[in-house]
Amino acid sequence: MKFYFIAGENSGDFIGAQIIKSIKKINSNRINDTSFYGIGGEQMKLAGLKSLFDFEQINLMGFFEVLPHIFRINKLINKTVNDIINSGTKILITIDSPGFTFRVAARVRKLAPEIKLVHVVAPSVWAYKEGRAKKYSKVYDKLLTLLPFEPPYFTKYGLSSKFIGYPALEQDFYDKTQDLRQDFNIPNNQKIIAITPGSRKTEISRHMPIIREALDILSSTTRLTAIFVQPNELHVNLINKYLVGAKFDFIFSTERLKSFAASDLALAKSGTNTMEIAASGTPMIIGYKLNYLTYLIIKICIKIKYVNIINIISNKEVIPEYIQSDFTAVNIANALNSLISDPNKANLQTVNTKEILKIIGLNNKRPPSSKAAEIISSMLLKLEN
């Protein structure tokens, strides 16, 4: 049983790792006959993936951010397609990162149509580019979606689609206790703010000057410690450059969930990390800034009012969003201060977000990754028989 996985960023790396672990459980009687190849990060490697190269090489986002790397990316696509075909796998599972994964899948469909193609995390056709649903239906055999309203967008074009929920929500989240604060050696008279400036260098470079200024403003009225949460230590030095002479205390942590639960509030970049923060019972605000030209293109195409999934499902701004020109130091400082000064407002946000999270997988009896593993394993077993 050979499985080929491709993930292109940290959230996909986690999803892939969870699915691999679930596949191993389901096929425990054939564990010595089960192998996993592909492209992933540290979590997928620890789960048993033999990675062709590290996914940092394809961890890019945005139209104009990708352009300088286009020739290198094309070479990696060719290398990946050749490896898939030569691996002897009968099934390819791609996870999110459509800029890379869809191109690989389309080539494989053309060159090796006998290989079954599964994609996890539906492209946001409900937000913009609905035509992509038709394109995906021509390439993939199965689509596993994280949101309950997504399958109909694809089934109408004949693509078999199944809602599984958010694998990120099946983690063991910490309860909020004073012990967590003590683990980080942070005094009781300080507010703790978890910061996720991004996992890409371009994100960090755009976000950190604004984050630094906002925290300097906030620290003039509030004693605070900022926990900069990073998936690894690669970008700590880059973030540190923006913190020279900071007026607030700060630390770095690779323990995401522990950091989120220990914090009084959070400033989060848009993405899966907001689900983890909400599941940790921590109120937050969301900030994100794109390359200006990329933002203009998305702004023209976008069909929704919000960027965060919790707000999209709620159809209202449960979590405050500060995107592009709204992502300023003054706006961020004021929004954080609002959550600090109004505990009722902060508590209401955490109550509302947890109700939404239950819809998409929080505390479900059948974890999303287990559902995905059953579907993928079943497809491969049918091919073997």
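The preceding data block contains the structure.
Residues numbered from 1 in each chain as written. Predicted model: local features only at pLDDT ≥ 70, side-chain atom pairs only at ≥ 80, totals over all residues. Heavy atoms only, no water.

Some remarks on the overall build of the chain
What counts, and what does not: Strands are runs of DSSP state E lasting at least 2 residues, helices are runs of H or I lasting at least 4, and numbering of each runs from the N terminus. The atom set for the radius of gyration is the C-alpha atoms, and the globule formula is 2.2 Å times the number of residues raised to the power 0.38. All accessible areas in this document rest on Shrake-Rupley with a 1.4 Å probe, and a residue is counted as covered only by the protein chains that are shown. Counting rule for charge: Lys and Arg are taken as positive, Asp and Glu as negative, and neither His nor the chain ends is counted. Lysine's charge is taken at NZ, arginine's at CZ, aspartate's at CG and glutamate's at CD.
When helices and strands are counted, the chain shows 17 helices and 13 strands. At 21 Å, the chain has a C-alpha radius of gyration in line with the 21 Å of a compact globule built from 385 residues. Projected onto its principal axes, the C-alpha coordinates of the chain cover approximately 65 × 45 × 40 Å. As displayed, the chain offers around 17200 Å² of accessible surface, 51% of which is attributable to carbon and sulfur atoms. When the 49 positive and 33 negative side-chain charges of the chain are each reduced to one mean point, those points stand 7 Å apart.

Looking at the environment of Thr-353
Spelled out, the test is: Note on contacts: a residue pair is in contact if any heavy atoms of the two residues lie within 4.5 Å.
Along the chain, Thr-353 falls in helix 16 (residues 343-359). For Thr-353 and Ala-278, which are 75 residues apart along the polypeptide, the C-alpha to C-alpha distance reads 6.2 Å. Ignoring any residue separated from it by four or fewer positions in sequence, one finds Thr-353 in contact with Ala-278, Ile-310, Val-318 and Ile-319.

Let's talk about the pattern of salt bridges
As a reminder of what qualifies: Salt bridge, as used here: a side-chain nitrogen of Lys or Arg that lies within 4 Å of a carboxyl oxygen of Asp or Glu.
All chains considered together, the criterion is met by 15 salt bridges. Here Lys-45 makes a salt bridge to Asp-54, at a shortest N to O gap of 3.1 Å. Close ionic contact of Glu-130 with Lys-156 constitutes a salt bridge, the shortest N to O distance being 3.0 Å. Of this pair, Glu-130 sits in the loop between strand 5 (116-120) and helix 6 (132-139) while Lys-156 is found in the loop between helix 7 (151-155) and strand 7 (160-163), placing the two residues 26 residues apart along the sequence. Within this structure, Glu-9, Arg-200, Glu-203 and Lys-269 form a network of salt bridges that share partners.

Some points on the pairing of strand 11 (residues 265-268)
Let me state the cut-off plainly: Categorising residues by exposure relies on relative accessible area from a 1.4 Å probe, with only protein chains included: less than 20% of the type maximum marks a residue as buried, more than 50% marks it as exposed, and the intermediate range marks it as partly exposed. Should DSSP find at least two bridges between two strands, the strands are taken to pair. Consider the strands pointing away from the viewer: the crossover is right-handed when the path from the first strand over the helix to the second runs clockwise.
Of the two faces of strand 11, the one carrying Leu-265 and Leu-267 and the one carrying Ala-266 and Ala-268 are both buried. Pairing of strand 11 with strand 12 (residues 284-288), which is carried by three bridges, proceeds in the parallel orientation. Bridge pairing links Leu-267 to Ile-285 in strand 12. Crossover strand 11 to strand 12 through helix 12 (residues 273-279) is right-handed.

Comments concerning unusual backbone geometry
Its identity is not glycine, yet Val-121 carries a phi of approximately 85°, on the positive side. One can find Val-121 in the loop between strand 5 and helix 6. The class for Val-121 is buried, based on a relative accessible area of 12%. In this structure, Asn-185 is a non-glycine residue whose phi angle is positive, near 55°. Inspection of the secondary structure puts Asn-185 in the loop between helix 8 (178-183) and strand 8 (191-196). Asn-185 gets classed as exposed once you look at its relative accessible area, which sits at 70%.

Overview of the nonpolar core
The condition that has to hold: Among buried residues, the Ala, Val, Leu, Ile, Met, Phe, Trp, Tyr and Cys ones that are joined through side-chain atoms within 4.5 Å form a nonpolar core.
With 93 residues, the main nonpolar core has Phe-3, Phe-5, Ile-93, Phe-100, Val-120, Leu-357 and Ile-376 as its most contacted residues. Ignoring sequence-local partners within four residues, the contact set of Phe-100 consists of Ile-6, Ile-39, Phe-53, Ile-58, Ile-73, Leu-76, Ile-77 and Thr-80. Formed by 29 residues, the second largest nonpolar core is a distinct cluster that contains Ile-193, Ile-195, Leu-224 and Leu-265.

With respect to the packing of aromatic side chains
To be explicit about the condition: Centres within 6.5 Å make a pair out of two Phe, Tyr or Trp rings, where for Trp the six-membered ring is used; the pair is then stacked when the planes are under 30 degrees apart, edge-to-face when over 60, and tilted otherwise.
Taken as a whole, this structure holds nine aromatic pairs when the rule is applied. Seen in terms of ring centroids, Phe-228 and Phe-252 are 5.8 Å apart; in terms of plane orientation they differ by 35°. Their pairing is tilted. With Phe-228 in strand 9 (residues 224-229) and Phe-252 in strand 10 (residues 249-253), this pair connects stretches of sequence that are 24 residues apart. What makes Phe-228 buried here is its relative accessible area of 0%. The exposure class assigned to Phe-252 is partly exposed, which follows from its relative accessible area of 27%. An aromatic cluster of at least three residues, connected via ring pairs, comprises Phe-228, Phe-248, Phe-250 and Phe-252.

Comments concerning helix 15 (residues 329-341)
Each full turn of the α-helix corresponds to 3.6 residues, which orients residues three or four apart in the same direction. Spelled out, the test is: Multiplying one less than the number of residues by 1.5 Å gives the expected span of a helix. Read the arc as the range of directions from the helix axis to the C-beta atoms.
For helix 15, spanning 13 residues, the distance from its first C-alpha to its last is 18 Å, which sits close to the expected 18 Å at 1.5 Å a residue. Residues of helix 15 that are buried: Ala-329, Ile-332, Ala-333, Ala-335, Leu-336, Leu-339 and Ile-340. Angular distribution of buried residues about the axis of helix 15 spans 165°; they occupy a single face of the element. Contacts from the buried residues of helix 15 go to strand 8, helix 9 (201-219), strand 11, strand 12, strand 13 (321-323) and helix 16.

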